[in-house]
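Next come the chains, spelled out residue by residue.
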Amino acid sequence: MLKTNVHVDLSGIAHQILHRINKRDYTKTLNPNKPKFLSEKSERDFYKHNLHEEMKKISKNLESYFDVKSFTFVFDPFKEKSFRYDLYPMYKQSASRTKERNYDQRGFHDTIEEYYTDLNSLGIKVLERGGMEADDLLFSLKGAIPENENICIVSSDGDMRQLVDHRTFVYNNILNETYISADLRRPIAEVIKNDNDE
């Protein structure tokens, strides 16, 4: 089995966890008289714990299947806006994105930046670049991997399927399935079996 470099869209997963908690535990924050979720330190710690547990689950799952050489966790920019806003000022301005949110946006961004610092202090490979979103970094990382090694991109973003080729696949942690082409997905165990048979 070839060595596999795992590149994780951590910003995307961070949003998954945020919405999961909101849906499960925090619908009461829709009450305009109650402070929004992540406005308190205890809530931010609770959120970081849930995020970390999800990262451990994903890492353990992938390590049980692949000969993992490395994990790299990539983040959206903390301070600077994406360069895409310069190209298209209406970027991400759809009604669904601009409607009132039931979480504290500043608290969310501060918590993600704290989590980046936590991982970095543990010697875990993390990557954030001003002006570049996580998917831009995932694209750039692909070109730095030797041709004789596989790449597993962990993301539920459909745009990432454009990167799939003979050595690159996309693992959707929500579906627990792997895209082996832009439109074809398979259970992860089947992908590994086929790789071992080659």
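Predicted model, so just to flag it, every value in this text is computed and none were measured.

### Side note on the overall build of the protein
Of regular secondary structure, the protein possesses seven helices and seven strands. Starting at the N terminus and ending at the C terminus, the protein contains elements arranged as β-α-α-β-α-α-α-β-α-β-β-β-β-α. When burial is assessed residue by residue, the protein has 44% of its 198 residues classed as buried. Within the protein, contacts between residues separated by at least 24 positions form 66% of all contacts whose residues are at least 6 apart in sequence. Accessible surface, the protein: about 11,200 Å² in total, of which carbon and sulfur atoms supply 50%.

### Considering the packing of helix H2 (residues 41-65) against helix H5 (residues 105-121)
When two helices pack together, their arrangement is given by the angle between the helix axes and the distance between those axes. Direction vectors running N to C along H2 and H5 enclose 50 degrees, while the axes themselves pass 10 Å from each other. Accordingly, the angle class assigned to the pair H2 and H5 is oblique. You can see that H2 and H5 cross each other, and the crossing is right-handed. Along the contact surface, H2 presents Arg44, Tyr47, Lys48, Leu51, His52 and Met55, while H5 presents Gly107, Phe108, Thr111, Ile112, Glu114, Tyr115 and Asp118. Looking at the contact of H2 with H5, its residues break down into six nonpolar, three polar and four charged.

### With respect to the environment of Asp157
Assignment of secondary structure puts Asp157 in the loop between strand S4 (150-154) and strand S5 (168-172). With 13 residues separating them in the primary sequence, Asp157 and Val170 have C-alpha atoms 9.4 Å apart. In this structure the side chain of Asp157 is engaged in a polar contact, spanning 2.9 Å, whose partner is the backbone nitrogen of Asp159.

### So, the nonpolar core
If you look at the biggest cluster of nonpolar residues, it comprises 32 residues, and the most contacted ones within it are Tyr47, Leu51, Leu62, Phe75 and Val154. Counting only elements with at least two residues in this core, the list comes to strand S1 (3-9), helix H1 (10-25), H2, strand S2 (67-74), H5, S4 and S5. Here this core takes six residues from H1, the largest share from any one element. Look past the residues within four positions of Tyr47 in its chain and what remains in contact with it is Ala14, His15, Ile17, Leu18, Ile21, Phe37, Leu38, Phe108, Thr111 and Ile112.

### Brief notes about the pattern of salt bridges
If you walk through the whole model with that rule in mind, you get 11 salt bridges. Of the charged contacts in the structure, one is a salt bridge between Lys57 and Glu54, with a shortest N-O distance of 3.4 Å. With Lys57 and Glu54 both in helix H2, this residue pair falls three residues apart, about one helical turn. Using a relative accessible area of 6% as the deciding quantity, one classes Glu54 as buried.

### Observations concerning the pairing of S1
Most of S1 is tucked away, with six of its seven residues classed as buried. Here S1 runs beside S2; their pairing, made up of seven bridges, is parallel. In the sheet register, Asn5 faces S2, and the bridge partner there is Ser70. Pairing analysis gives five bridges linking S1 to S4, with the strands arranged parallel. Across the sheet, the residue bridging to Thr4 is Asn150, located in S4.

### As for the pairing of S5
Most of S5 is tucked away: five of the five residues are buried. When S4 meets S5, the two strands line up parallel, connected through four bridges. From the neighbouring strand, Cys152 faces S5, where its bridge partner is Phe169. In terms of strand pairing, S5 meets strand S6 (residues 177-179) through three bridges, oriented antiparallel. Its bridge partner lying in S6, Tyr171 is registered against Thr178. A loop of four residues connects S5 with S6, the two strands running antiparallel in sequence, and Asn176 in this loop sits at a positive phi of about 55 degrees.

Definitions and cut-offs
Residues numbered from 1 in each chain as written. Predicted model: local features only at pLDDT ≥ 70, side-chain atom pairs only at ≥ 80, totals over all residues. Heavy atoms only, no water. Helix = DSSP H or I, 4+ residues; strand = E, 2+ residues; numbered from the N terminus. Buried < 20%, exposed > 50% of the residue type's maximum accessible area, 1.4 Å probe, protein only. Contact = heavy atoms within 4.5 Å. Areas by Shrake-Rupley, 256 points an atom, 1.4 Å probe, with all protein chains shown as cover. Axes fitted to C-alpha atoms, helices over the stretch in contact; angles between N-to-C directions. Parallel < 35°, antiparallel > 145°, perpendicular 65-115°, else oblique. Left-handed = near helix turned anticlockwise from the far one by under 90°. Nonpolar A, V, L, I, M, F, W, Y, C, P; charged D, E, K, R; others polar. Polar contact = N/O pair within 3.5 Å; in protein donor to acceptor, adjacent residues only side chain to side chain. Core = buried A, V, L, I, M, F, W, Y, C linked by side-chain atoms within 4.5 Å. Salt bridge = Lys/Arg side-chain N within 4 Å of Asp/Glu carboxyl O. Pairing = 2+ DSSP bridges.

By themselves, these figures tell us nothing about what the structure is for.
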